[in-house]
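Analysis of the macromolecular model
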Amino acid sequence: MNAIGQAFELVLRWDVLSVMVFASAFGLFVGATPGLTATMAIALLVPVTFFMEPVPAIGAMVTCSAMAIFAGDIPAALLRIPGTPASAAYADEAYAMTRNGQAELGLGANLFFSALGGLFGTAVLIVAAPWLAEAALKFSSFEYFWLALLGLTCGVFIGSTNPVKGLISLFIGLLVSTIGLNNPAGVPRFTFGDVDLLGGIEFIPAMIGLFAVSEVFRAVVSDIRLAGVPQLIRGSLFQDWGRLFVQYWPQQLRGNIVGTIIGALPGAGADIAAWVSYAISKRFSKTPEKFGTGHVEGIIESTSSNNAALGGAWVPALVFGIPGDSITAVVIGVLYMKGMNPGPTMFLNSPQNIYAVFIIFILANLLMIPFGWLAIKGAKEILRVPRNILMPCILIFCIVGAFAVNNSVFGVVVMLAFGVLGFFMEENGIPVAPAILGIVLGSMVEENFVTSMIKADGNLIAFFERPIAAGLGILTILVWLSPLLLLLWRRRARAPLPGSSPAP
């Protein structure tokens, strides 16, 4: 109890709270800027933390990352440009709500359930950190292969009501993920002698191109779609929170659980959590036909998931010093630099520091409500800007974001190429979301498959020998077979009983 009191004394100081306020504003700005990820925001903060004490430094990191993940939802909803990769899974859904004049409902849901998801992840971090970390450490290449494959399978359900077109989009993404030297053999593939392609296709420029630049191209070709976006939206962000919570609490809880579990797996993170949760939401929804038309259900589950994943990612980071995602990979370096060496001994030797981290997580998610409200109120004024002015400005932001990834013009070229690809895909009814998922998970599937085959000496049975791997493998195969099983079940239900005469 004394350690908890010391933790409050460490956190509730003017320097710590002021640092968290400034980190909130910085995280919101970076997260809402296309091309600048939450990881980049954390990396930019590292030099600043050199001059801070341990607790303010961690406060800045935690608050900035939480705000950045949420802020990515704002441009996704207003302009169909995901601010961060974690918002890409439901960008189409959120933008469709804006086009339907429901921007307040969508953004209000993003804000409320992002904060709830973050608090849930924090609660799990506080209660079950050692147990979850121990379970996460049992994941080997076999488990990660099935997890990535399950994520790719979700792409077909995310895509559209047409699974074939979803598969086409997914295969395009998988093809893109094979470009370059980033494969287990280190052999150049599909580079055509171009040195720039040896490093593969960067995910951020590709995402900006598929989502944002393709939208700009459509605006140039036709103004019909843009006419559907309301120029002025009114209403309160808070008015539907009670109704949404009562109506969709199972989805919110499911998203929180999935996000925390995936976040606790080293190398997974909020991006994958959002994709998986959106697919689960659509798969088990009572009204799956509404998805893609501006339905808040999928947004609630996904935004709960990616924010809960932040807390989950800190589980292996604090308990074993193993990063749960790219954000905690940077944070672990800061922890060591400040003498807060992560590991089991941290809970014994300096419990006040651990409790201070927990309190910071809670404060960061509570700060998200007022700061997120201010950010949304300011950002939605974008809809007042005439489209012939707004679209060139968006294109400039896209170019800056694509260039900033590696400070290379090649990133801009990639962005424009994928903008053209995204334009033609959507003009032919092929969704772009599964392609993004293919780019993200393609290399993960290949790397873990090859590593597992080497371990097992080519024995495919080894993919089912470990209990967790077997469970994930069976689940993935059942998902693959579910359309066929449903078809057989429906035919059997319609078949007449033996001895009964057919209806006239």
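Along each chain, residue indices are assigned from 1 in the same order as the chain's sequence is written. Only residues with pLDDT of at least 70 get local features here, since the model is predicted, and only at 80 or more are side-chain atom pairs given and counted; chain-wide, interface and lining totals rely on the full set of residues. Heavy atoms throughout the structure, all of them, feed into the side-chain values; hydrogens and water do not.

1. Points about the overall build of the protein
- Where helices and strands are cited, they refer to DSSP runs of H or I of at least four residues and of E of at least two residues respectively, numbered from the N terminus. Of regular secondary structure, the protein possesses 20 helices and 0 strands.
- Exposure classes here rest on a 1.4 Å probe applied to the protein chains alone. A residue is buried below 20% of its type maximum, exposed above 50%, and partly exposed in between. Among the 504 residues that make up the protein, the fraction classed as buried is 55%.
- Working rule for contacts: check all heavy atoms of both residues, and any pair within 4.5 Å makes them a contact. Of the contacts made within the protein by residues no fewer than 6 positions apart, 78% connect residues no fewer than 24 positions apart.

2. Quick look at the packing of helix α10 (residues 203–221) against helix α19 (residues 433–455)
- Angles shown run from 0 to 180 degrees and are taken between the N-to-C directions of axes, each axis being a line fitted to C-alpha atoms and, for helices, limited to the stretch in contact. Remark: α10 packs on α19, axes separated minimally by 10 Å, with the N-to-C direction vectors making an angle of 175 degrees. With respect to their mutual orientation, α10 and α19 come out roughly antiparallel. Across the interface between the two elements, Phe203, Ala206, Met207, Leu210 and Phe211 from α10 touch Ala435, Ile436, Ile439 and Val440 from α19.
- Residues are sorted three ways: Asp, Glu, Lys and Arg are charged, Ala, Val, Leu, Ile, Met, Phe, Trp, Tyr, Cys and Pro are nonpolar, and all the rest, Gly among them, are polar. Of the residues that constitute the contact of α10 with α19, the class distribution is 9 nonpolar, no polar and no charged. Roughly parallel covers angles under 35 degrees, roughly antiparallel covers those over 145, roughly perpendicular covers 65 to 115, and oblique covers all other angles.

3. Some words on helix α4 (residues 54–71)
- One fewer than the residue count of a helix, multiplied by 1.5 Å, yields its expected span. Look at α4: 26 Å from first C-alpha to last across 18 residues, which is about the 26 Å you get at 1.5 Å a residue.
- For α4, the tally of buried residues reaches 17 of 18 residues, placing the bulk of the element in the interior.

4. Describing the environment of Asp196
- With respect to the secondary-structure elements, Asp196 resides in the loop between α9 (163–177) and α10.
- Residues Asp196 and Ser408, 212 residues apart in the sequence, show an inter-C-alpha distance of 9.7 Å.

5. Regarding the pattern of salt bridges
- The salt bridge criterion pairs a side-chain nitrogen of Lys or Arg with a carboxyl oxygen of Asp or Glu, the two atoms within 4 Å. Considering all chains together, one arrives at 7 salt bridges under this definition.
- Close ionic contact of Arg80 with Asp92 constitutes a salt bridge, the shortest N to O distance being 2.6 Å. On the criterion of sequence distance, the pair formed by Arg80 in the loop between α5 (73–79) and α6 (91–99) and Asp92 in helix α6 is long-range, its members being 12 residues apart.
- On the basis of relative accessibility, which here comes to 3%, the residue Arg80 falls in the buried class.
- Salt-bridge contacts for Arg254 lead to Glu301; the nearest nitrogen and oxygen are separated by 2.8 Å. Taken together, the residues Arg254 in helix α11 (residues 241–264) and Glu301 in helix α13 (residues 296–320) connect sequence positions 47 residues apart.

6. A few points about the nonpolar core
- We call a set of buried residues a nonpolar core when its members are Ala, Val, Leu, Ile, Met, Phe, Trp, Tyr or Cys and they connect through side-chain atoms within 4.5 Å of each other. Counting residues in hydrophobic clusters, the biggest one holds 140 residues, and the most contacted among them are Trp314 and Leu318.
- When residues of this core are assigned to their parent elements, the largest contribution, 13 residues, is made by α4.
- Excluding residues that lie within four positions of it along the chain, Trp314 makes contacts with Ile58, Val62, Leu125, Thr328, Val331, Val357 and Phe361.

7. Re the packing of aromatic side chains
- The criterion for an aromatic pair is that two Phe, Tyr or Trp rings (for Trp, the six-membered ring) have centres within 6.5 Å, with stacked assigned to planes under 30 degrees apart, edge-to-face to planes over 60 apart and tilted to the rest. Applying the stated criterion across every chain, the model contains 14 aromatic pairs.
- With centroids separated by 4.6 Å and ring planes inclined at 15 degrees, the aromatic side chains of Phe112 and Trp241 adopt a geometry described as stacked. Remark: Trp241 occurs in helix α11 and Phe112 occurs in helix α7 (residues 103–136); sequence separation between them is 129 residues.
- Phe112 sits in the buried class, given a relative accessible area of 16%.
- Ring centres 6.2 Å apart and planes at 65 degrees place the aromatic pair Tyr355 and Phe358 in the edge-to-face group. Here the residue Tyr355 and the residue Phe358 both occupy positions in helix α16 (residues 351–379), the gap between them amounting to 3 residues, near one helical turn.
- A relative accessible area of 33% places Tyr355 in the partly exposed class.

8. Structural notes on the confidence of the model for the protein
- Mean pLDDT over the protein stands at 80; residues scoring 70 or higher make up 86%.
- Taken together, the stretch residues 224–232 has pLDDT below 50 and engages in 23 contacts with residues farther than four places along the chain or on a different chain. Predictor confidence is given residue by residue as pLDDT, running from a minimum of 0 to a maximum of 100.

9. Side note on the side chain of Ser114
- Here Ser114 shows up in helix α7.
- Here the side chain of Ser114 touches Thr303 through a polar contact of 2.8 Å, side chain to side chain. Definition of a polar contact: a pair of N or O atoms within 3.5 Å, with one able to donate and the other able to accept a hydrogen when the atoms are protein atoms, and with sequence-neighbouring residues admitted only if both atoms are side-chain atoms.

10. Focus: empty space enclosed by the protein
- A cavity here means a set of 1 Å grid points, computed over protein atoms only, where a 1.4 Å probe fits but cannot escape. A pocket is an open set with protein on both sides within 12 Å along at least 5 of 7 lines, and lining residues have an atom within 4 Å of a point. Grid points are joined across faces, edges and corners, and a volume is the space filled by probe spheres set on the points. Using the criterion set out here, one finds 3 cavities of 30 Å³ or more in the structure.
- One number sums up the size of the largest cavity: a volume of about 50 Å³.
- Lining the largest cavity are Val62, Ser65, Ala66, Gly118, Thr122, Asn307, Leu310, Gly311, Phe361 and Asn365.
- Among the elements of the structure, α4, α7, α13 and α16 are those that each provide at least two residues to the lining of the largest cavity.
- When its residues are assigned to classes, the lining of the largest cavity shows 4 nonpolar, 6 polar and no charged.

11. Side note on unusual backbone geometry
- Located in the positive-phi region is Phe190, a residue other than glycine, with phi close to 55 degrees.
- Take Phe190: it is sitting in the loop between α9 and α10.
- Of the residues examined, Phe190 reaches a relative accessible area of 44% and is grouped as partly exposed.
- In this model, Phe192 sits at a positive phi of 55 degrees, which is unusual for a non-glycine residue.
- Residue classification places Phe192 among the exposed residues on the basis of a relative accessible area of 76%.

12. A closer look at the environment of Gly442
- Mapped onto the fold, Gly442 is located in helix α19.
- As for Gly442 and Leu175, which are separated by 267 residues in sequence, their C-alpha atoms are 8.2 Å apart.
- Excluding its chain neighbours within four sequence positions, the residues that come into contact with Gly442 are Leu174, Ser177 and Leu437.

13. Concerning a nonpolar patch on the surface
- On the surface, Phe464, Ile474, Leu478, Trp480, Leu481, Leu484, Leu485, Leu487 and Leu488 cluster together into a nonpolar patch covering about 820 Å² of accessible area.
- Topologically, Leu485 is positioned in helix α20 (residues 467–494). Residues forming no salt bridge and having over 30% relative accessible area are the ones grouped into patches, like charges within 9 Å of each other and nonpolar side chains (Val, Leu, Ile, Met, Phe, Trp, Tyr) within 5 Å. Working definition of accessibility: Shrake-Rupley area with a 1.4 Å probe, residue cover restricted to the visible protein chains.

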